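# Structural features, examined
Here is how the chains run, residue by residue.
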Amino acid sequence: MTVSAPPYELVIGIETHVELNTESKMFCGCRARWFGAPPNTLVCPVCLGLPGALPVPNRRAIELAITAGLALHCQTPDHTKFDRKNYMYPDLPKGYQISQYDLPLTVNGWLKLEGGKRVGIRRAHLEEDTGTLKHGEGAGQRYTLVDFNRSGVPLLEIVSDPDMSSAGEAERYVRTLRDILVYSGVSEMRLEQGAGRFDVNVSIRFEEGGKTIWPPQSEIKNLNSYEALRGAVAYESDRLWREWQSGGEIRTRTGKVTVGWSPERGRTYMQRSKEEVEDYRYFPEPDLVALRPKATRVAELRAALPEMPTERRARFVEKLGLSEKDARNLVADRQLADYFEAAVGVEPTSAKAVANWVIGELTAALKRDGGDAKGARVAPEQLGVLVRLIAAGRVSPTAAKQVFGEMWKRGGDPEAIVNTLGLAQTSDEDAIAAAVDEVLKANPSALADYRKGKERALDGLIGPVMSRMKGRADGAVIRRIILERVG
Amino acid sequence: MTELPHSIRGAADLLRSRRTSALELTEAALERSHADRHNAWLHLCDERARAQARTADARLKLGDAPALTGIPWACKDIIGTKAIPTTAGSRILEGYVPPYSATVVERLDERGAVMLGKTNLDEFAMGSSNENSAFGPVKNPWRTDRVPGGSSGGSAVAVAAGEALFALGTDTGGSIRQPAALCGVVGMKPTYGRVPRWGVVAFASSLDQVGPFTNTVEDAAIVCEAIFGKDPNDTTMVTEFPDDDLQTDLEKGVKGMRLGVPKEYFSLKGMEPGVERAVRAALKVLEREGAKLEEVSLSLTDHGLAVYYIIQPAEASSNLARYDGIRYGLRVEGPNLLETYRRTRGKGFGPEVKRRMILGTYALSAGYYDAYYVKAQKVRTLIKAEYDRVFEKVDALVTPTSPTVAFAIGAKVNDPLAMYLNDVFTLPVNISGLPGISVPCGFSDGLPVGLQIIANSYQERTMFRVAAAYERATPHHLARPEVKAA
């Protein structure tokens, strides 16, 4: 089966809302990490919108927003302000959201997708999140409950240019963006905890009767996973095309429509059309003074930016000799990559081996027991030493796994563990030869196969010999001795 | 009924010489307040007041108590008070009890002042006559068929009728100075940014400012010293300006000072001749005291009203959006969300509040925003610049506070524009963020007239200096209405 290209061109722009990595909320001292907290326990007069409450801007949130801009090659204007976006909804306690309208904190940047394509970043502005609604039914009545824990959590809205032309590219954009934001410490962007949401503008363009047709776009609101993003873009672009083909109202409509995405049904649904477009009556927030980020502070933030994922991947491949795949796996998690680099610092000549250990044993252990690479129970320096022991032939790779397991369980110095457990690689060839003889005796068929010309038939014997040696032998020595015995 | 001392200073002296106690003073004030026949109070909190008075007495015994310790005061009911209902004069806040107090209340609590209760006001401070209160109009103690002015009518009356030794009000376009003038007391609006707004129900955020009603200029300075100063919860406050001793210049007199008399403030159609006479006489007094009077021009004065009636309703329309019946206050349930909003707000807000929200929503709407809100902000900048220029030549401005004396209850309720004109001399001061004070300057038709003194930003000391000099030279501040007991 061949997948044919759609009969239209896709034009996609994305507004990404990310929760900033702050301890407290945007305009009050309440805890910002709201996920999982009992309803309405992280609230105060400010984020409940009580009469008389006033906002106090979170300095760290402002600096993180500037940092995000810098990581996205944006400019930081020297004059910026907050505005009120007025609309009423039960999850919006003040009846307006403090946001930024015409003078955002950071503007005009770009990021580069893998493969080199640039996507423009139009602007990024700060705002406060809303509360959350829970709909339910009880005693025959439908009801809605409001939880204001999320109310006032700092959000950065990053607006891209309409530079993406496929669902896959849209996904690559948000993944790249996520990598950059996580790297620069701006956001943890845990999508599964609602810490990132996407509004996606989709339009299609095609030739018809010698003219370029560009029907009104759709805005898909509130997507919260990569799968939803992919599915919704594919569905909605196809729906626009079909609506055009069947002579639907898209042919006469002038403005965009807003739709939602139902992951269960795998389709979008109408939220509102242009006729119902809201007038947010933006005006400057009179409870806050305008901001003038100091150039010296912006310079400090720029200097504090870490190496970005794309550059880091390239360095891992070119300088450290990792494969593309290993480099991607490591860099996808900044802590894992930092761990890797710390371990390589101890054993600089075995980067590839260190990468294998980090991606293999360490990741598996973290996955099994929970936790992040930062603060893992085996320190990167310890892993570096362990890899050095392997490289020096002091411990076999198999025995090293036991050493790692021991460090993970009980901690301790790798060399000491090797000695305590008696795992030091043995050079006692008599002992190895004895083990080889036992194994050969137990596997006459392998020997027969080898003699018939199957050269690889003996490979399967190395493992059993190693296990008789309790992992303390060198695989190459075992191999040599087997060949000596059968030859 | 026992009369209260004439001033905070007088009461403070009595307390320190043990001729009275805070509790006695509080009992007298509570007795008078309960007997009030002007509808000045919405809520009296006797037990809290007595408890505060007892604490104050203990503190006075220890010595070194601040000037306001044991002084009974009245709080405009738009200033939030922890555990005490705060209505803003509106039904929409029915049942709302704030979980926290405004910073100004906390500061007075800390100094041992005794809060008697909460005073009546125009709903959300929108009005110039106190007739827009959801809890009925306030009556002027000088003539009970007259309005006390607004919006802080209850606070003005509580002081004028001798029920409290001072009161706090809020002034967005004249809501302290105008009722002070109409009730014959001192009323003062500080420079924008000198008093924390934290905990004060917002009306128009860029204009609102808390200030005192008192019997004397010195008392106003004493209260200002207690409530002025940076609050980390209000980031619109000035940070650079140091707290200063506001009483320092009270005795200095006006000799050699240059006082500007803006001609536009005397040429208004609708200015009552009796008011003009009283104010001109006051100017003569200041001249006799050694001030140099100088006619100045504030040519944009006429535009102040238009600017004010765009910015103020625009901010109000947004500030009042939170009253939706979801979290606190009145809720009138409807079959769906929109209908619940409509019914709650339809029933909860009075007509003047609705009028201003509609005006403000209109001014901020797409297609009108530039022509109204943006333009108004530009003219606001020009008005402020004009004041700045005038203050290069003069130390302070002297003007009438209000073009009229207290008018009859009901006379202007159906004519909002005539009502709005009442603030024409006071609202430019809010637009420009300046400090202004109204002091009693005599009578017209047996009703008090107010003299307004305006100073440059943060020059409260200059303003108090002129006001105190005038007060010393005249007996007007001693006149008190005859208050009949209930």
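Residues numbered from 1 in each chain as written. Chains lettered and ligands numbered in written order. Predicted model: local features only at pLDDT ≥ 70, side-chain atom pairs only at ≥ 80, totals over all residues. Heavy atoms only, no water.

All right, on to the overall build of chain A then. Looking only at helices and strands, chain A features 15 helices and 14 strands. Against the 2.2 N^0.38 benchmark of 23 Å for 487 residues, chain A shows a C-alpha radius of gyration of 30 Å, more extended than a compact globule. Projected onto its principal axes, the C-alpha positions of chain A cover 90 × 60 × 60 Å. Within chain A, the proportion of its 487 residues that are buried is 51%. (Helix = DSSP H or I, 4+ residues; strand = E, 2+ residues; numbered from the N terminus. Rg over C-alpha atoms; globule rule 2.2 N^0.38 Å. Buried < 20%, exposed > 50% of the residue type's maximum accessible area, 1.4 Å probe, protein only.)

Below, the discussion takes up the packing of aromatic side chains. Residues and elements named next belong to chain A. According to the stated counting rule, one finds 28 aromatic pairs over all chains in the structure shown. Between Phe 316 and Phe 340, the aromatic rings sit 5.1 Å apart at their centres with planes inclined by 65°, giving edge-to-face as the arrangement. Of this pair, Phe 316 sits in helix H5 (residues 309-318) while Phe 340 sits in helix H7 (residues 334-346), placing them 24 residues apart in sequence. Here the two residues Phe 316 and Phe 340 agree in accessibility, since each one is buried. (Phe/Tyr/Trp six-rings, centres within 6.5 Å; stacked < 30°, edge-to-face > 60°.)

The next subject is the sheet that holds strand S2 (residues 83-86) of chain A. Residues and elements named next belong to chain A. The strand order S3-S2-S14 describes an open sheet built from 3 strands, whose pairing is antiparallel. Only two strands of the sheet have a single neighbouring strand rather than two, namely strand S3 (96-99) and strand S14 (283-284). Judged from the 4 bridges that link them, S2 and S3 form a sheet pairing that is antiparallel. Residue pairing in the sheet places Lys 85 in a bridge with Gln 97 of S3. (Pairing = 2+ DSSP bridges.)

So, on to the pattern of salt bridges. All told, the structure shown has 68 salt bridges over all chains when counted by the stated rule. Here Lys 256 of chain A makes a salt bridge to Glu 219 of chain A, at a shortest N to O gap of 2.7 Å. Note that Lys 256 of chain A is positioned in the loop between helix H3 (226-245) and strand S12 (257-262) and Glu 219 of chain A in strand S11 (residues 218-223), a separation of 37 residues in sequence. Residue Lys 384 of chain B pairs with Asp 388 of chain B through a salt bridge whose shortest N-O separation is 2.8 Å. One end of the pair, Lys 384 of chain B, and the other, Asp 388 of chain B, are both in helix H12 (residues 370-390), 4 residues apart, so they sit about a helical turn from each other. Looking at Lys 384 of chain B, the relative accessible area reads 24%, which means it is partly exposed. Each of Glu 307, Arg 312, Arg 315, Arg 334, Asp 338 and Glu 341 of chain A takes part in one network of salt bridges that share partners. (Salt bridge = Lys/Arg side-chain N within 4 Å of Asp/Glu carboxyl O.)

Moving on to the interface of chain B and chain A. With 38 residues of chain B at the contact, the number on the chain A side is 32 residues. Considering only the side of chain B, the residues that lose the most area to chain A are Thr 235, Arg 322 and Arg 327 of chain B, jointly responsible for 21% of the buried surface there. One can count 1 salt bridge joining chain B with chain A. Asp 287 of chain A is paired through a salt bridge with Arg 197 of chain B; the nearest N and O atoms lie 3.0 Å apart. Applying the counting criterion to the chain B and chain A interface returns 18 residue pairs in polar contact (both at pLDDT 80 or more). Contributions of two or more residues to the side of chain B that touches chain A are made by helix H9 (301-319), helix H10 (337-348) and helix H11 (351-364) of chain B. For the side of chain B that touches chain A, the leading source of residues is H9 of chain B, giving 4 residues. (Contact = heavy atoms within 4.5 Å. Buried area = accessible area lost by both parts, 1.4 Å probe. Polar contact = N/O pair within 3.5 Å; in protein donor to acceptor, adjacent residues only side chain to side chain.)

Another aspect to go through is the nonpolar core. Within the largest apolar cluster, 268 residues are counted, with the highest numbers of intra-cluster contacts made by Tyr 173 of chain A together with Phe 124 and Phe 464 of chain B. Among the domains, domain 1 (9-284) and domain 2 (307-420) of chain A are the pair contributing at least three residues each to this core. Tyr 173 of chain A has contacts with Ile 14, Thr 16, Leu 111, Leu 113, Val 119, Ile 121, Ile 158, Ser 160 and Met 164 of chain A, leaving out every residue within four places of it along the chain. Judged by nonpolar contacts, the second largest core, of 20 residues, contains Ile 432, Val 439, Leu 447 and Ile 481 of chain A. (Core = buried A, V, L, I, M, F, W, Y, C linked by side-chain atoms within 4.5 Å. Domains from an automatic or database assignment.)

Moving on, we come to the sheet that holds strand S9 (residues 396-400) of chain B. All names here are of chain B. One open sheet accounts for 11 strands, arranged S1-S3-S2-S4-S6-S5-S10-S11-S9-S7-S8; its pairing is mixed. Looking at the sheet topology across the chains shown, the edges are occupied by strand S1 (41-44) and strand S8 (292-296). The average undirected angle you get between the axes of adjacent strands in this sheet is 30°. Sitting on the sheet, helix H8 (residues 273-288) touches strand S7 (258-262), S8, S9, strand S10 (436-444) and strand S11 (447-455), and the angle it makes with S11 is about 50°. (Axes fitted to C-alpha atoms, helices over the stretch in contact; angles between N-to-C directions.)

Take the packing of helix H9 (residues 380-391) of chain A against helix H10 (residues 397-410) of chain A next. Residue and element names in this part refer to chain A. For the pair H9 and H10, the least separation of the axes is 10 Å and the interaxial angle reads 160°. In terms of axis orientation, H9 runs roughly antiparallel to H10. The handedness of the crossing between H9 and H10 comes out as right-handed. Between H9 and H10, the residues in contact are Gln 382, Leu 383, Leu 386 and Ile 390 and Pro 397, Ala 400, Val 403, Phe 404 and Met 407, respectively. (Parallel < 35°, antiparallel > 145°, perpendicular 65-115°, else oblique. Left-handed = near helix turned anticlockwise from the far one by under 90°.)

All names here are of chain A. Mapping Asp 459 onto the fold places it in helix H14 (residues 459-468). Between the alpha carbons of Asp 459 and Tyr 235 there is a distance of 52 Å; along the sequence they are 224 residues apart. Among the polar contacts listed, one links the side chain of Asp 459 to the side chain of Arg 479, at a separation of 3.0 Å.

On to the domain arrangement of chain A, then. Split into domains, chain A comes out as domain 1 (9-284), domain 2 (307-420) and domain 3 (429-486). Computed from C-alpha atoms alone, the centre-to-centre distance between domain 1 of chain A and domain 3 of chain A is 62 Å.

What follows is about a nonpolar patch on the surface. Residues and elements named next belong to chain B. A cluster of nonpolar side chains, contributed by Tyr 362, Tyr 368 and Tyr 372, occupies part of the molecular surface with about 280 Å² of accessible area. With respect to the helices and strands, Tyr 368 occurs in the loop between H11 and H12. For Tyr 368, a relative accessible area of 34% gives the class partly exposed. (Patch = residues over 30% accessible without salt bridge, like charges linked within 9 Å, V, L, I, M, F, W, Y side chains within 5 Å. Areas by Shrake-Rupley, 256 points an atom, 1.4 Å probe, with all protein chains shown as cover.)

Now for unusual backbone geometry. Residues and elements named next belong to chain B. In this model, Gly 150 is joined to Ser 151 through a cis peptide bond whose omega is 10°. Tracing the backbone shows Ser 151 in the loop between strand S3 (114-119) and helix H5 (153-160). Its identity is not glycine, yet Ala 125 carries a phi of approximately 70°, on the positive side. Residue Asp 445 is not a glycine yet carries a positive backbone phi of 55°. Residue position: Asp 445 is located in the loop between S10 and S11.

All names here are of chain A. For Gly 422, the location among the structural elements is in the loop between helix H11 (414-420) and helix H12 (429-442). On the accessibility criterion, Gly 422 (33% relative accessible area) is partly exposed. Each C-alpha atom, one on Gly 422 and one on Pro 39, is 55 Å from the other, the two residues being 383 residues apart in sequence. Beyond its immediate stretch of four places on either side in the chain, Gly 422 contacts Ile 417 and Arg 472.

Residue and element names in this part refer to chain A. In the structure shown here, the tally under the stated rule is 0 disulfides over all chains. Residue Cys 28 stays outside any disulfide, its sulfur separated by 3.7 Å from that of Cys 44, the closest cysteine. Classification of Cys 28 as buried rests on a relative accessible area of 12%. (Disulfide = S-S within 2.5 Å.)

Residues and elements named next belong to chain A. Pairing of strand S6 (residues 132-138) with strand S7 (residues 141-147) involves 7 bridges; the strand directions are antiparallel. Bridging across to S7, Lys 134 finds its partner in Leu 145. Counting the residues between successive antiparallel strands, the hairpin from S6 to S7 contains 2 residues, one of them, Ala 139, with a positive phi of roughly 50°.

Before going further, it helps to examine the packing of H12 of chain A against helix H15 (residues 475-486) of chain A. All names here are of chain A. Interhelical geometry of H12 versus H15 gives an angle of 60° and a closest axis separation of 10 Å. The pairing of H12 with H15 is recorded here as oblique in orientation. Here H12 runs over H15; the crossing is right-handed. Between H12 and H15, the contacting residues are Glu 429, Ile 432, Ala 433, Val 436, Asp 437 and Leu 440 on the first element and Val 477, Ile 478, Arg 480, Ile 481, Ile 482, Arg 485 and Val 486 on the second.

Okay, H5 of chain A next. Taken as a whole, H5 of chain A has its buried residues at Pro 309, Arg 312, Arg 313 and Phe 316 of chain A. Projected onto a plane normal to the axis of H5 of chain A, the buried residues spread over an arc of 100° and lie on a single side. (Arc of directions from axis to C-beta.)

All names here are of chain B. Tracing the chain through its elements places Thr 462 in helix H15 (residues 460-473). A relative accessible area of 16% places Thr 462 in the buried class. Look past the residues within four positions of Thr 462 in its chain and what remains in contact with it is Met 257 and Asp 395.

What follows is about the pairing of S8 of chain B. Note that S7 of chain B and S8 of chain B share 5 bridges and pair parallel. Pairing of Val 261 of chain B across the sheet is with Glu 295 of chain B, part of S8 of chain B.

Attention now goes to H11 of chain B. For H11 of chain B, with 14 residues, the first-to-last C-alpha span of 20 Å sits near the 20 Å given by 1.5 Å per residue. Taken together, the buried residues of H11 of chain B touch S14 of chain A together with H9, H10, H12 and helix H13 (416-421) of chain B. (Expected span 1.5 Å × (residues − 1).)

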